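Inside the fold
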Amino acid sequence: MMNGEEEKQQEQKNEPDGDSIEKITEYAQEQSDKANVYIQYRIYNNHGVMAGDDAQFETIHVGADASGDKSRTGSVFEEEGGLPRWLADNYASYAMSLMAAAAAFDSLPYTWVIGAAQRLYESFPYSEEKDNVHAQEEILRQFSAEICKGEMNTYIGITSIDVVHFTDPHYRETILRYIWQQYPQLHQNIISWLQSYNMHRPLTMSKRALEVMGFLAGEDFIYFLHEVVPQVSANKNISTDMMVGQILILLNQREEHKRNVYNLLRVWSREERIHHLLTALFVCAQLNDKNDIMRDIVENYIQGTLREIQEKVSLKYRSGLYDFMGAGIRSFTFYRMLIETLEDVVNTQDSQRQRRNVFELFLRLFAIDVSQARPQKGEEVIFIMLCTAKHQVSDKLCFLWRLVWECGHYRQLVYDLLARYDVKIAGTKSGYSVERFADKVLGEVYPKEMRQDICSKIHRRARDA
């Protein structure tokens, strides 16, 4: 039995952690820089969202008058062995870098390709002995590329541009494959060059660089496994996680690598290395055949976070919680597994203090959901929307909300978070109302008058914010 002083100390331990409350509140605020990383990622990979005026996602069309004229003389593809000889004669030269850039960024704007060629050339050995760079059009013709007219459609309209284009679309893969296979001493130069475009504008170029990395990984999986994958642990950076995750998605499209991708993700899902979990989650949230792995990731992450909340430390899981939610890319499958896991966990807790830890985690996740949603673009907060929608986890989610509310421990925080969402949706066409949400969640336990009073308090806080 505890004496009075011990009981008082124990109760103090059970009080809401001030740092935790402050952190949860921070999640709900507009963290534009970090939120935009995930918004751009969803746009960049076209996960059911439209590119708005903040996306700068370009659509490029090659003009109908692109000649595709194979009658021109002097191309390395005209005679057997022409490509190997040309590359041997032009090793580590500007011409070689222009060939690689044209192959990687075929049918993109001429200025982009020239800039990419210069960037790669500067990484080559001996590039300090600068070539006398001139007549790019003549160099391009040597490997059946041409400069032709095209159009780029951006958020401000259509612009006429010059585009670099191969007369035969098969040439680009031939070039990339040959350079990669025959010049292993340039592997690091090429990979670093392509990585330099990762998650940078122009996004069309960034996406193409990633596609080329996926192609090269498919040609040489062992190099990818031993030289690129370890960057996840070494860099501990969310942009690296995104990059490696997208390459794995591309590899998964090749039948010979499906099993390799599955086995790698399976190993990562059971580890305690945060960035392995995040990278695997990026992949699983975008593929429909990896749900068994995604469930392991979600359960692993939830259990790890709860341990840190219990021990009042923030080492790995809690500090990466925002990224965990971002890596789920607002996938309903991810949210379903998240809600099911939270319900299973709360039902197995033996003490009120342990249940409060689950409630704290729930509110952290909700606050992040508020931060990452874009109601002005039609994106609702999923932790609210699933309560009022007909979904297989709607009842489970309402059950969790009622437990949090009835506990009373974080009630003022719930008021604040809902008020922040009220502010965020102001002026949008969102169909959300706090009254509808309160009726759904609390209708069975609170009379109408009390629910109206709760909603009034939330609206008042929103007005005062």
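The structure we're discussing is the one just above.
In what follows, the accompanying structure is described. (Residues numbered from 1 in each chain as written. Predicted model: local features only at pLDDT ≥ 70, side-chain atom pairs only at ≥ 80, totals over all residues. Heavy atoms only, no water.)

A short note on the packing of aromatic side chains
To keep it simple, the criterion reads: Pairing of aromatic side chains requires ring centres within 6.5 Å, counting the rings of Phe and Tyr and the six-membered ring of Trp. Pairs whose planes differ by under 30 degrees are stacked, by over 60 edge-to-face, and all others tilted. Strands here are runs of E lasting at least two residues and helices are runs of H or I lasting at least four, both read from the DSSP assignment and numbered beginning at the N terminus. Any residue under 20% of the maximum accessible area for its type is buried, any over 50% is exposed, and the rest in between are partly exposed; the area is computed with a 1.4 Å probe on protein chains only. Only lysine NZ and arginine CZ atoms are considered, and such an atom sits over a ring when it is within 6 Å of the ring centre and within 35 degrees of the ring normal.
On inspection of all chains with the given rule, the structure shows 23 aromatic pairs. When the centroid spacing of 6.5 Å and the interplanar angle of 80° are considered together, the rings of Trp405 and Tyr446 count as edge-to-face. Linking Trp405 in helix H21 (residues 394–407) with Tyr446 in the loop between helix H23 (434–442) and helix H24 (448–464), this pair joins segments that are 41 residues apart in sequence. With respect to class, Trp405 is no different from Tyr446; both count as buried. Grouped by ring-pair contacts, the aromatic residues Tyr301, Tyr317, Phe324, Phe334, Tyr335, Phe362, Phe366, Phe383, Trp401 and Phe437 constitute a single cluster. In this arrangement the basic side chain of Arg119 is found over the ring face of Tyr197, its NZ or CZ atom lying 4.3 Å from the centre.

Observations regarding the nonpolar core
One recurring pattern in soluble globular proteins: nonpolar side chains tend to sit buried together. The line we're drawing: Among buried residues, the Ala, Val, Leu, Ile, Met, Phe, Trp, Tyr and Cys ones that are joined through side-chain atoms within 4.5 Å form a nonpolar core. Throughout, a residue-residue contact means that at least one pair of heavy atoms, one from each residue, lies within 4.5 Å.
Counting residues in hydrophobic clusters, the biggest one holds 158 residues, and the most contacted among them are Phe143 and Phe383. When near neighbours in sequence (up to four residues on either side) are disregarded, Phe383 contacts Met325, Tyr335, Leu338, Ile339, Phe362, Leu365, Phe366, Asp369, Leu397 and Trp401.

Some remarks on the pairing of strand E3 (residues 157–166)
Our working definition: For two strands to be treated as a pair, DSSP must find no fewer than two bridges joining them.
Bridge count between strand E2 (residues 145–154) and E3: ten bridges; the pairing is antiparallel. Pairing of Cys148 across the sheet is with Val163, part of E3.

Quick notes on the pattern of salt bridges
Note the following rule: Whenever a carboxyl oxygen of Asp or Glu lies within 4 Å of a side-chain nitrogen of Lys or Arg, that contact is scored as a salt bridge.
As enumerated under the stated definition, the model contains 25 salt bridges in all. When the shortest N-O distance is used, the salt bridge between Glu137 and Arg141 registers 3.4 Å. With Glu137 and Arg141 both in helix H7 (residues 136–142) and four residues apart, the pair spans about one turn of that helix. On the basis of relative accessible area, Glu137 is assigned to the partly exposed category, the value being 38%. Residue Arg141 is classed as partly exposed on the basis of its relative accessible area, which comes to 37%. For Asp296, the salt bridge identified is with Arg266, shortest N-O distance 2.3 Å. Pair noted here: Asp296 is in helix H16 (residues 291–311) and Arg266 is in helix H14 (residues 258–269), with a separation of 30 residues, a long-range link. Exposure remark for Asp296: the relative accessible area of 24% places this residue in the partly exposed category. Overall, the relative accessible area of 13% leaves Arg266 in the buried class.

Remember, this is a structural readout, not a statement about activity or role.
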